[in-house]
Amino acid sequence: MLAPALELRHIDKSYHAVEALNDASISIAPGSIHGVIGENGAGKSSLMQIAYGLIQPDSGEIFVDGAKVELLSPLQAIEHGIGMLHQKASWLEQLSVFDNIMLAEPVTGFLFQQKEKAMAKLELLRREFGFEFSLSVKMSQLDYSQRQLVDVLRSLYRGVRVLILDEPLALLAPSQADYLNNLLVLLKIQGISVVVVSHKLAVLHQLCDVITVIRTGRVIGCIDPHSVSLREMSKQMVGREINLPHPRVEPSKNKGKVLLDIKGLRVHGAKTGRKSTTKLLLRDINLSVHAGEMIALVGLPESGQDVLLDVLAGMVRFDGGAIDFLQYAIRPKSRYKINKARDYGIAYAPNPNFNIGLVDQLTMAESVYLGYQKQDFGRWGLLSGRQRHQTCHQLMMEWNVVPALPAMQTGLFSGGNQQKMVLAREFSHQPSLLLLNQPTHGVDVGAIETIYQRLFELREQGSSILFCSTDLDEVMSLADRICLFSHGELTEIFNAEDTDRTRLALSVIKEAHDV
Amino acid sequence: MNDFSWLLLFDAAIRLATPLLFAALAGMLSERAGIIDIGLEGKMLVGAFAAAAWTSISGSVWEGIMVAMFCSVAFSLLHGFACITHKGDQVVSGIAVNMLALAVTSLLAHRLFSQGGMTPVLDKLERLPEVAFPQWIEVDDTWLSQLYWQLLSGHNILVYVGLLLVVLLSLFFKYSPYGNRVFAAGENPKALQRAGGSLATTRYAAIICGGAICGLSGAFLSVGHGAGFVENMTVGKGFIALAALIFAKWRPVAILFSCLFFGLLEALAIRLQGHPLFKGDGMLPIQLIEVLPYVLTVIVLAGFIGPSLAPKALGNRR
């Protein structure tokens, strides 16, 4: 039997008396695809960050190929052949793909000589693994999933032997499913072990050779997905029965009057560089939304569905058309901004990938204010610390956020818990229109169930909900109507009852090829 | 305005812009790496004192310049120790550097030389020599010759070093992997760390180079342009350099031009003193002229450059 490619033994880690990991051990066999699942805040990310040297454990040992090592920094982890793809974006968009990959590469020999060599080697790897981007384009020109692949390419360049994928959402999107499969197979052939951390249980169940379950900082056990059902797997993870896929929310019965009416909406893209050619981000969108309706906006990434949400939330200006919401008429020139939107009763939870819903440096109690500081809490124009603390704590209990410490820094919460707090904030103000972008990205299945329940309740009270999601199961279990976007146009509107998941998936993919 | 020579004005502008240029380039290196450099003023002062003091003691101006760079780097390291190693607040630490520099230089100047806070006046041999250009163009009255001999030739060596630095630094940021690393440290430290780079090492390297360049700026004041150290002789030049840096949006070549612009304003202020602007006795009060560069700085910074494009993680402590 070969020694495990990477092994973490008896890891303990706590942050300010909050225990993140307790005697956690994990062992990655060479050339295997190893899944890691657990609820939000269970400690998956902490464990992976320890394996990549980003944080140091309080106690415990790390072995690479059977030899004990100490990982004090990512550099040391990289030297031991460990690579990682992170949950949240951090690239230098102004630099080229090549420069991003070579960012921290030790400089050896003459500069240009090294560049040529590296270029050649990268080009070879790029072809071998079928990455479609060019090495010389700026990072900002790539879409999200390609950017994640740049990280993969960097790891490959450095001779990675254990590649950790921490919630690689963009790669797990349905449109990328085949691609990811191929990639994993290629990696496996090269003898590279892959660790995938994700909440997409179904995907992991299919892909992985073995799955480790973590619950509240402890490793519960290892599952062989070939012999354990998906249902049993989710039960192990959450500790109670969960229906998967999530059952369909009852379709809306009391469809009210038109709440939101969009006519001929048009948005120009920003002028790129010196060329004054503008791409239309949205063209001629017509959509009426009734009170008590839940509408999904689907399409391949960057097809315009995000832009529509941003426009409605007042984050992006529009250049033509009209939006009528309740009694308010919103026109291109009406200085419509996000604070207005909030006054009108529109709430917005942005895409968690872009990390703009909360401020990492604030405490959670402060973060929960953001956007609503004028409406709530104010007494003589002052913010009341105690009241804010209480409100935050209450929300944390309601939404099952762990640890329930309002005074803890926002950035220290796990990704899923941050997203729960963003949703808690937006839900708590009883919006008449709720805009959600990837509402359950990074959220565990147990919490998703609660979120769906709350969305349902909100809809029953007569609010409308517009959401973007790349998760078609989610779309199918929530939406009353589904809008299909392609290249900035709204090409088709389905009634959810008249379609099924396969047909929807086909339509999404078909739009991509019909250019 | 017959005796008013534009050529002489520009000549003065180049001389006055040089210390600003060094300081602004030093500030650029440090701020590109994400460390706010309020302490430029203090480091300039330290450089100025160290250069003048060492030169007057040892008699060698080159040694003086080395010592100036060394002392300025020491102050940079103090700043770095506070805000890189101990993750302190960069603005507070920078102000501390300024106050400390002012106090230390005055104290030492008084104690060492007992000349009321000045160092002994350096004679011509103890100052930086002027560089005369080769005789490619004859000295005559044509504009080309005037330009060559009056404007370009005859400055001291640091002026040319400054210009060279602009070129080197632009190449550094454009083509070198180290440049990308410094850029990353100021723009997205997380990306740098995750790629396996060390934020602390990168930032220390940047501020050490910045400190050395800033030392040159001070040395230019006391042993290049001037002939000795006078208490608080930088009088806010470090802050003007900081303004020039922001004005230029942290880009080396733009920094050259913004420093020349501020140098020109200063030269104009000096030139206009005692110069009848209008027919008859219409003289502008000196104070009004002296305040001109500062007022224009405010106007320029407020209105003419659009949004400032600071490195995103400037002041970020992690």
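Up top you'll find the structure we're talking about.
Counting of residues starts from 1 at the beginning of each chain's written sequence and follows it residue by residue. Here chains are named by letter from A upward and ligands by number from 1 upward, in the order in which they appear as written. Note on the predicted model: pLDDT of at least 70 is required for a residue's local features to be given, and 80 or more for side-chain atom pairs to be given and counted; whole-chain, interface and lining totals, by contrast, use all residues. Working from all heavy atoms in the structure, the side-chain values ignore hydrogens and water.

S.K.: Can you explain the overall build of chain A? Please cite residues and give values.
M.R.: For helices the rule is a DSSP run of H or I covering at least 4 residues; for strands it is a run of E covering at least 2, with both sets numbered from the N terminus onward. Check the secondary structure of chain A and you find 17 helices and 22 strands. Atoms counted for the radius of gyration: C-alpha only. Globule rule: 2.2 Å times residue count to the power 0.38. A compact globule built from 515 residues would reach a C-alpha radius of gyration of about 24 Å, and chain A, at 24 Å, matches this within 12%. Taking the principal axes of its C-alpha atoms as reference, chain A extends roughly 70 × 55 × 50 Å. Taken over 515 residues, chain A has a buried fraction of 53%. Taking the contacts inside chain A whose residues are at least 6 apart along the sequence as the reference set, 68% of them involve residues at least 24 apart. Note that accessible areas follow from Shrake-Rupley with a 1.4 Å probe, and for residues the cover is restricted to the protein chains shown. For chain A, the computed accessible surface area is about 22,800 Å², with 51% contributed by carbon and sulfur atoms. None of His or the chain ends enter the tally, which takes Lys and Arg as positive and Asp and Glu as negative. Positions of charges follow a simple convention, taking NZ of Lys, CZ of Arg, CG of Asp or CD of Glu. With 52 positive and 56 negative side-chain charges, chain A shows a spacing of 7 Å between the two charge centroids. Partly exposed describes any residue whose relative accessible area lies between the buried limit of under 20% and the exposed limit of over 50%, with all areas from a 1.4 Å probe on protein chains only and scaled to the type maximum. Whether two residues are in contact is decided by their heavy atoms: any pair within 4.5 Å suffices.

S.K.: Can you tell me about the interface of chain A and chain B, naming the residues and giving the values?
M.R.: Note on interface size: it is often stated as the accessible area lost on association of the parts. Listed by partner, the interface residues are 21 residues for chain A and 18 residues for chain B. Summed over both sides, the interface of chain A with chain B buries roughly 1,700 Å², with 56% coming from carbon and sulfur. Each of two parts loses accessible area, computed with a 1.4 Å probe, when they are put together; buried area is these two losses added. If you sort the residues of chain A by the area they bury against chain B, Ser 90, Leu 92 and Leu 103 of chain A come out on top, with a joint share of 29%. By definition here, a salt bridge exists when the distance from a side-chain nitrogen of Lys or Arg to a carboxyl oxygen of Asp or Glu is within 4 Å. Remark: the boundary between chain A and chain B carries zero salt bridges. Pairing of N or O atoms within 3.5 Å defines a polar contact, subject to two protein rules: one partner must be a possible hydrogen donor and the other a possible acceptor, and residues neighboring in sequence count only if both atoms are side-chain atoms. Linking chain A to chain B there are nine residue pairs in polar contact (both at pLDDT 80 or more). Top element by residues in the side of chain A that touches chain B is helix H2 (residues 74-79) of chain A. It accounts for three residues. Counted by class, the side of chain A that touches chain B contains twelve nonpolar, four polar and five charged residues. Charged means Asp, Glu, Lys or Arg here, nonpolar means Ala, Val, Leu, Ile, Met, Phe, Trp, Tyr, Cys or Pro, and polar covers whatever is left, Gly included.

S.K.: Could you give an account of a nonpolar patch on the surface, naming the residues involved and the relevant values?
M.R.: Residue and element names in this part refer to chain B. Each patch is built from salt-bridge-free residues with over 30% relative accessible area, joining like charges within 9 Å and nonpolar side chains (Val, Leu, Ile, Met, Phe, Trp, Tyr) within 5 Å. On the surface, Leu 78, Leu 100, Val 104, Leu 108 and Leu 112 cluster together into a nonpolar patch covering about 390 Å² of accessible area. The dominant element in the nonpolar patch, judged by the number of residues it contributes, is helix H4 (residues 90-113), at four residues. With respect to the helices, strands and loops of the structure, Leu 108 is situated in helix H4.

S.K.: Lay out the sheet that holds strand E2 (residues 18-28) of chain A in plain terms, naming residues and giving numbers.
M.R.: In any sheet, the strands associate via hydrogen bonds between backbone groups, in a parallel or an antiparallel arrangement. Residues and elements named next belong to chain A. Read across the open sheet, the four strands follow the order E2-E1-E4-E5; overall the sheet is antiparallel. Taken across any chain shown, the strands that pair with only one partner, and hence form the sheet edges, are E2 and strand E5 (67-69). Put simply, the sheet's adjacent strands are angled 30° from each other on average, direction ignored. Relative to E2, strand E1 (residues 6-15) runs antiparallel, the two being bridged by seven bridges. Note on pairing: two strands pair once DSSP finds at least 2 bridges between them. Between N-to-C directions, angles cover 0 to 180 degrees, with each direction set by a line fitted to C-alpha atoms, over the stretch in contact for helices.

S.K.: An account of the environment of Asn 355 of chain A is needed here, citing residue identities and associated values.
M.R.: All names here are of chain A. Mapped onto the fold, Asn 355 is located in the loop between strand E16 (346-349) and helix H12 (364-367). Along the backbone, Asn 355 and Gln 419 are 64 residues apart, and their C-alpha atoms lie at a distance of 9.4 Å. Those residues within four positions of Asn 355 in sequence are excluded, and the remaining contacts are Lys 88, Asp 360 and Gln 418.

S.K.: Give me the lowdown on the sheet that holds strand E15 (residues 328-330) of chain A, citing residues and values where you can.
M.R.: Residues and elements named next belong to chain A. Strands sit in the order E12-E11-E14-E15 across an open sheet of four strands; the sheet is antiparallel. Strand pairing shows two members of the sheet lacking a second neighbour, strand E12 (280-290) and E15, which therefore form its edges. Between one strand and the next, the sheet's axes are offset by a mean angle of 15°, whatever the strand orientation. Pairing analysis gives five bridges linking strand E11 (residues 258-268) to strand E14 (residues 320-325), with the strands arranged antiparallel.

S.K.: Would you mind going over the pattern of salt bridges in detail, with residue names and values included?
M.R.: All names here are of chain A. Enumeration over the complete set of coordinates arrives at 23 salt bridges over all chains. Here Asp 65 makes a salt bridge to Arg 161, at a shortest N to O gap of 2.6 Å. Within this pair, whereas Asp 65 is found in the loop between strand E4 (59-64) and E5, its partner Arg 161 is found in the loop between helix H5 (144-157) and strand E7 (162-166), the two being separated by 96 residues in sequence. Note that Lys 200 and Asp 471 form a salt bridge whose closest N and O atoms lie 3.7 Å from each other. Highlighted residues: Lys 200 in the loop between strand E8 (193-197) and helix H8 (201-207) and Asp 471 in the loop between strand E20 (464-468) and helix H16 (472-478), separated in sequence by 271 residues.

S.K.: Provide a residue-level description of a positive patch on the surface, including the pertinent values.
M.R.: All names here are of chain A. Where like charges cluster on the molecular surface, the positive patch consists of Arg 317, Arg 335, Lys 337 and Lys 340. Looking at where Arg 317 falls in the secondary structure, it is placed in the loop between helix H10 (305-312) and E14. What makes Arg 317 exposed here is its relative accessible area of 62%.

S.K.: Lay out the packing of aromatic side chains with the relevant residues and their values.
M.R.: All names here are of chain A. Two rings from Phe, Tyr or Trp (for Trp, the six-membered ring) form a pair when their centres sit within 6.5 Å of each other. Planes less than 30 degrees apart are called stacked, planes more than 60 degrees apart edge-to-face, and all others tilted. Evaluated as defined, the whole model comprises twelve aromatic pairs over all chains. An angle of 10° between the planes, with centres 3.7 Å apart, marks the rings of Tyr 328 and Tyr 344 as stacked. Taken together, the residues span a long stretch of sequence, with Tyr 328 in strand E15 and Tyr 344 in helix H11 (residues 338-344) at a distance of 16 residues. For the pair Trp 399 and Phe 427, a centre-to-centre distance of 5.3 Å together with 65° between the ring planes defines the contact as edge-to-face.

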